[in-house]
Structures are given as C-alpha cells and as structure tokens.
Amino acid sequence: MYALVDCNNFYVSCERVFQPALEGRPGVVLSNNDGCLISRSDEAKALGLKMGAPYHQVRPFLREHEVWVRSSNYALYGDMSRRVVEILGLFTPEVEVYSIDEAFLNLAGLRYTVPDLTAYATRIRSTVLQYVGIPTCVGVAPTKTLAKLANRLARRTRCGVLVLETPAQRQAALAATPIGDVWGIGRRYAPKLQECNVRTAADLAALPESWVRRRLGGVVGVRLWQELQGQPCLEFENPEWDEDGQLVSAAAARHTITHSRSFGQPQQEQAVLQQALAAFVARAAEKLRRQGGAAHLLTVLLGTRQPGETSTSRTHTAVLSLPEATEDTAELIRAALRGLQKLWQPGVAYYRAGVLLSGLEPADQPQLRLFGSTPEQLARCRQLMAALDALNQRFGRQTVRYAVAGQKTPSWSGRAAFKSAQYTTSWQQLWTVR
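Residues numbered from 1 in each chain as written. Predicted model: local features only at pLDDT ≥ 70, side-chain atom pairs only at ≥ 80, totals over all residues. Heavy atoms only, no water.

In the nomenclature of an unreviewed UniProt entry, the chain is known as Y-family DNA polymerase of Hymenobacter persicinus. Turning to the chain, the UniProt annotation filed under Sequence similarities (unreviewed entry) states: "Belongs to the DNA polymerase type-Y family." (UniProt positions renumbered as here; feature names shortened; annotations may be inferred.)

Okay, here's the thing in structure tokens:
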C-alpha cells in the first residue's frame, strides 16, 4: 500500500503558521517578481480567485475583499517542506518526495503492524499538523496512481483521509474521478479519451489492454491502466533537495539545468547584467555539482519586451561551446560573460536574464583534451568547488561568492513587496514570541 500526503494550500499554510491572525481570512501568495497568484486559501478560492491570475489585474478585487497578500518566500517554504518530510519519516522508512508539498509513503512493510490504515493515515495527518502546523490530506491505495486519486477525493471529506483498500472502494473512487483528473492523463489525452466515451477513471480501467496500448501511448499507457486496476508499476524513488531548499523528485539526473529570473525593473547597464548572470551561473553550477555532472554547453538568455498596448516578449540567446566539460563556477561565469558581450546592446532594456547548462556528462568521467586541464588540475578545481559549496551550505547562500556577482542583495532583484520574514532560516529573522 502507498500513501500520498499532500499539504493543503502549502504556501498559504506556511505563512499562517507564523502569522495566526491570517487564519480564516482569504489570502494569496504571489509568484516571483509579484507577478501572479500561485497559492490561494480556501476562502480566496471561494471568492472566485483563479490560479495564475495576474496580480495587477486582481489587485482592486483583493483590496475590496480584504484579501491578504504575500510575496513568495521560498527559503521558508523549502524549510517547512523539509520538516514535513522529516515527520513523515517517523511513520515509514521509505518516503519519496514528489514535489515541495507532496510525498509518497511506502506502507508495504507495515501490513502486519498497522491493521487499521485509516487510523494510521489520520495519525500521520494529525502529527504533521501538531509538529509543523501544516494541514494535509492523505490518500492510501495499492498503487501510486490510486493513492494520488484517493488524495484528491480525500479533500472533499471532513477528516481529510481516504483509504482505498477493497475492490468496491477502488471502483467507487474510479467512478467518481473524471478522466481529466487522473494522474498521467493530462490535457493532451483527456479530450481524445472523452471523444471515445471514456469519461471517468472507471471507464478507462474497464477497457481491454489492447485498446489502451494502441490509443494511450503504448507501454506508458498500459502501466497507467494497470495502476488503476491495483497493480503497482511505478518504482519508488528517494528524495532529493533542490538548491532553494525545495524538495524535488529524484527520478534521474537532469539533462539540462536552468536558472533565470525576471528583474524588478528593466535593466540597461551591462555591469548590472554581468552581476545577474554571474549569480545565476553560480546557482546553476551548484545544481550541476549536486547531481555530479559537468557541462559542455552554456546558453545565455536575455529577455526584452516590445513597447505598445500589446507588448510582446522576445528572448535573445547565445550558445557557447566549452573546450571541455566543466562544473567550475569560474569557468562557467567567464563563458556567460562572453555570451553577454555578444547579446548586449546599448540602450536596450532587458527585463529577464538566465543561463542554461546542457551537454551534461558525469564529472568523474571527463573527456579530456590533449592540451587541456590535467587530472591534478581537475582534482584541485573539484576540491575548491566542494569547499565553496560546503561554506555556503553551512553559513548561508552567497556567503562566499565571486566578486563579479556583486552584492548579496543586488539592485536587479525582483519585486517582493509583501515578503514575510525567513522565520526558520535566518538568525536575524527568527520568530519572536512575546
């Protein structure tokens, strides 16, 4: 059996843990640069506020209905996510982090020690709420796909828990789930299945395997079909931590690594763009080293907007091929600045920048050049990067950084007019109890 634990309105819930006065009031959390709504309280959903709505468009509505607003605080959310996962680890040794607010628990080894799964799931939910302060819903089922489905249905229950243990329970849940809500169907296949009169998960599970294999992507579709019938087909994975303290799936090493941001104000000065790109490269290089990789290609991205009533965005790119694959932040910064030199134009306002690392290979299996770095030089470079990462991990991000990246709080930072304190990750902003 698998359990899926999903944190309710996670970003909103994190804000409420340290600001209890926000409980029971409609509230929203904004995306990077205070762009759009990415988390809504139940009260805000009841007002009709939509996910992804641009903040500047709904701002009068928010004021009219006294909806509280917070800017994204990913350091806080990542740390709260880590705390939730630590609590989940008390209930089973196998926890797979699916996203920052969701995690699968493998309950297979507890079949003899936990006779009542509903009581156990309720205990998981109450313990997370008591120890971390985050409300959750828990779905339990024989497969990960059914657990995801059970979790969605658990949100409609008063207790926030749903266990699909018997065939009758599973059949009822499948019949109550529209085909578009099945994990793995998506926007592409849902309309096609509906045209074939497959409107619920139960309709899909009742189809013959040959039909599913032909119409639903071959082997992948058959695995989904088998999961709906209670046959586990998806492997269990180990958790991985993102560089922002966020939890991500560890299915496989990434084929590309990207770090980009929108600026709070459009930037024209080349020196400011150099600082931003150097900071982005440093963050991307940390991700690269975390997965044990080295990059052959670096792409610099600069975004502009055309003025006018219907402003259109344009992304300008420069691709640089590195002499040899590297994870050295300094080498990657030098390449990024060469790319900026190719793209930058005086007088042009840039509203976004970023870097993309690709052509990845294992760092411990480099393809050396005849006149390139020696193994001894590569070893010294890796020691330096390991020391850099260790210092920043211990004393805080950007404590040790390259001078070209500028100040720790740069002028190009995005807007965050409503950001709350980093209550759990900064000594200067710890929660004060009076």
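Following the structure, the description resumes.
**Notes on the sheet that holds strand S7 (residues 136–141)**
With mixed pairing, the five strands of this open sheet are ordered in space as S5-S6-S1-S7-S8. Edge positions in the sheet fall to strand S5 (95–99) and strand S8 (161–163), since each has one partner strand and no second. Taken pair by pair, the neighbouring strands of this sheet meet at an average axis angle of 15°, ignoring direction. Bridge count for S7 against S8 is three bridges, and the pairing is parallel. The residue of S8 that forms the bridge with Gly139 is Leu162. (Pairing = 2+ DSSP bridges. Helix = DSSP H or I, 4+ residues; strand = E, 2+ residues; numbered from the N terminus. Axes fitted to C-alpha atoms, helices over the stretch in contact; angles between N-to-C directions.)

**Describing the UniProt feature "domain: UmuC" (unreviewed entry) in the chain**
Sites flagged by UniProt as "domain: UmuC" (unreviewed entry) map to residues 2–186. The annotated region residues 2–186 carries 41% helix and 19% strand content, and the separation between its end C-alpha atoms amounts to 22 Å.

**Structural notes on the nonpolar core**
Ranked by size, the top nonpolar core spans 41 residues in total, and within it Phe10, Tyr77, Met80, Leu88, Leu105 and Ile134 carry the most contacts. Of all the secondary structure elements, the ones that give two or more residues to this core are strand S1 (2–7), helix H1 (10–18), helix H4 (74–88), S5, strand S6 (102–106), helix H5 (117–131), S7 and S8. A per-element tally of this core places H4 first, with eight residues. The two domains that each donate at least three residues to this core are domain 1 (9–72) and domain 2 (76–229). Other than its neighbours up to four places away in sequence, Tyr77 contacts Phe10, Tyr11, Cys14, Glu15, Val29, Ser71, Ser72 and Ile100. If you look at the next biggest cluster of nonpolar residues, it comprises 32 residues, including Ala295, Ala318, Ile333 and Ala405. (Core = buried A, V, L, I, M, F, W, Y, C linked by side-chain atoms within 4.5 Å. Buried < 20%, exposed > 50% of the residue type's maximum accessible area, 1.4 Å probe, protein only. Domains from an automatic or database assignment. Contact = heavy atoms within 4.5 Å.)

**Some words on the pairing of S5**
For S5, the tally of buried residues reaches four of five residues, placing the bulk of the element in the interior. In terms of strand pairing, S5 meets S6 through four bridges, oriented antiparallel. Among the inter-strand pairings, Val97 is bridged to a residue of S6, identified as Ala103. The hairpin turn running from S5 into S6, its antiparallel successor, is two residues long.

**A word on the layout of surface pockets**
Considered as a void within the structure, the second largest pocket measures approximately 960 Å³ in volume. Along its surface, the second largest pocket is lined by 39 residues, and Asp6, Cys7, Asn9, Lys45 and Arg155 are the ones closest to its centre. Elements that contribute at least two residues to the lining of the second largest pocket include exactly S1, H1, strand S3 (37–40), helix H2 (42–46), H5 and helix H6 (144–154). Broken down by element, the residue count for the lining of the second largest pocket peaks at five residues, all from H6. The residue makeup of the lining of the second largest pocket, split by class, is 15 nonpolar, nine polar and 15 charged. Two domains each donate at least three residues to the lining of the second largest pocket, and these are domain 1 (9–72) and domain 2 (76–229). (1 Å grid on protein atoms, 1.4 Å probe; cavity = no way out; pocket = protein on both sides within 12 Å on 5 of 7 lines; lining within 4 Å. Points joined across faces, edges and corners; volume = space filled by probe spheres on them. Nonpolar A, V, L, I, M, F, W, Y, C, P; charged D, E, K, R; others polar.)

**Things to note about empty space enclosed by the protein**
The tally for this structure, following the rule as stated, stands at two cavities of 30 Å³ or more. Size it by volume and the largest cavity reaches roughly 160 Å³. Around the largest cavity, the lining comprises 16 residues; the ones closest to its centre are Ala282, Glu286, Gln398, Val400 and Arg401. Every element with two or more residues in the lining of the largest cavity is listed here: helix H12 (270–290), helix H13 (329–343) and helix H14 (375–395). Ranked by residue count, the leading element in the lining of the largest cavity is H12, at six residues. The volume enclosed by the second largest cavity comes to roughly 50 Å³. Considering the residues around the second largest cavity, the lining is formed by twelve residues, among which Val84, Val85, Asp101, Glu102 and Ala103 are closest to the centre. Listing elements by their share of the lining of the second largest cavity, those giving two or more residues are S1, H4 and S6. Broken down by element, the lining of the second largest cavity gets its largest block of residues, four residues, from H4. Here the lining of the second largest cavity is composed, by residue class, of eight nonpolar, two polar and two charged.

**Observations regarding the environment of Ala172**
In this fold, Ala172 is placed in helix H7 (residues 167–175). When the C-alpha atoms of Ala172 and Tyr77 are compared, they prove to be 35 Å apart, with 95 residues separating the residues in sequence.

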